[in-house]
Amino acid sequence: MQTLRPITDPRYYEPAYSTYNRLLLRFISDKRDLPFIKLIVTISLSLIPLGILLYVPAINGMLWWTIAIVYTLLNNILFKGPFGLMLHCTSHRKLFNRKFRFLNHYLPWLIGPFFGQTPETYYSHHIWMHHPENNLENDRSTTMPYQRDSLLHFLYYFLDFLFVGFIRLINYFRLKHHPSLIIKCLTGELSFLLLCIALSFINLPATLVVFIVPFLLSRLVMMIGNWTQHAFIAAEDPENPYKNSITCLNTRFNRTCWNDGYHASHHIRQGMHYTQHPDFFIKNINHYMENKAIIFQGIGYLQIFWYLMRGDYVSLAKNAVNIGHTFSGDDAFIAHLKSRCLPIRRISG
């Protein structure tokens, strides 16, 4: 296990604003969100034009394949994480100010589909279902009933979400009497489906590259993320965010994906700005110690998921932080991890 190093994850520091930056600031509610709108501009001027070019009849042969490869790399490697977690942050905190609030629809409705994000469903699922239910029994994407170091269980979890997750979400909102959310989800999901069907008749290869493959990858990555974030749960206290979520410190993932590694503190204060999480962690470090919170350093969710699916607890322990000598050593920590991966089945109250 490791000792805690000085935290290098993103915090907010007042920059020297260029003319371009001052122009962008006029549109947003919080100056700390300037990186978001700059990313939106970058994606709008690069990825989206490339996707549209793939539908142009005059572009074919090697030129088409070159554009398709560049688009795929930009979409699914360079921008996938930063966009997905920007969508996450702006679901919790509206990006554009009241004067330009109509632009808050630009991200989920116009950019989102290029990343396979069906409009309205992510927001509805995450804000109105996942956080209120906190990965407990009524959470339609809960990880509790699964053996969370089992690849077979993860595949079942993913396929269940892919094929019936939307139906479960709609039924959840029906039981909670949220007809407006049902309408939003149906509108977004069906709009994306109809768009893909219509564009497939125009150019099936382009639709596969531009929309369908990103859709499948997005849903896989989201489930890998949720599975890993909620892999180590204390059966005796599963509603406690310190005991049902993990924290990743000092990792490149936090620098490119807006401190998403701070998942425990995100469940404690879901509206907290991403730049505040490192200071929250330091301020509340005693609570992490008291709850034997799972903290990793230098690795992100994908690495943790890889080690977990291989049963490589030695590598997990090697990258874990032992704050305040909470654990006597690697063996004690590994035993702790394994105990928190066991299926948890409770009868809902």
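An account of the accompanying structure is given in this report. These figures come from a predicted structure and were not determined experimentally.

### Description of the overall build of the protein
- In terms of regular secondary structure, the protein is built from 17 helices and 2 strands.
- Whereas a compact globule of 349 residues would reach a radius of gyration of roughly 20 Å, the protein reaches 21 Å, a difference of no more than 12%.
- Overall size of the protein, expressed as C-alpha extent along the three principal axes, is 65 × 50 × 45 Å.
- Looking at the protein as a whole, 54% of its 349 residues qualify as buried.

### Digging into a nonpolar patch on the surface
- A cluster of nonpolar residues, Leu186, Leu190, Leu193, Leu194, Ile197 and Phe201, forms a patch on the protein surface that exposes about 620 Å² of accessible area.
- Taking the relative accessible area as the measure of exposure, Ile197 reaches 40% and is therefore partly exposed.

### A closer look at the packing of helix 3 (residues 61–78) against helix 9 (residues 204–229)
- In the contact formed by helix 3 and helix 9, the axes pass within 11 Å of each other and the chain directions differ by 15°. One way to sum up the angle between helix 3 and helix 9 is to call them roughly parallel. In the packing of helix 3 onto helix 9, the handedness of the crossing is right-handed. Only Pro205, Ala206, Val209, Val210, Pro214 and Leu217 of helix 9 make contact with helix 3, whose side of the interface consists of Trp64, Ala68, Tyr71, Thr72, Asn75 and Asn76.
- Considering only residue class, the contact of helix 3 with helix 9 consists of 9 nonpolar, 3 polar and no charged.

The rules behind each value
- Residues numbered from 1 in each chain as written.
- Predicted model: local features only at pLDDT ≥ 70, side-chain atom pairs only at ≥ 80, totals over all residues.
- Heavy atoms only, no water.
- Helix = DSSP H or I, 4+ residues; strand = E, 2+ residues; numbered from the N terminus.
- Rg over C-alpha atoms; globule rule 2.2 N^0.38 Å.
- Buried < 20%, exposed > 50% of the residue type's maximum accessible area, 1.4 Å probe, protein only.
- Patch = residues over 30% accessible without salt bridge, like charges linked within 9 Å, V, L, I, M, F, W, Y side chains within 5 Å.
- Areas by Shrake-Rupley, 256 points an atom, 1.4 Å probe, with all protein chains shown as cover.
- Salt bridge = Lys/Arg side-chain N within 4 Å of Asp/Glu carboxyl O.
- Axes fitted to C-alpha atoms, helices over the stretch in contact; angles between N-to-C directions.
- Parallel < 35°, antiparallel > 145°, perpendicular 65-115°, else oblique.
- Left-handed = near helix turned anticlockwise from the far one by under 90°.
- Contact = heavy atoms within 4.5 Å.
- Nonpolar A, V, L, I, M, F, W, Y, C, P; charged D, E, K, R; others polar.

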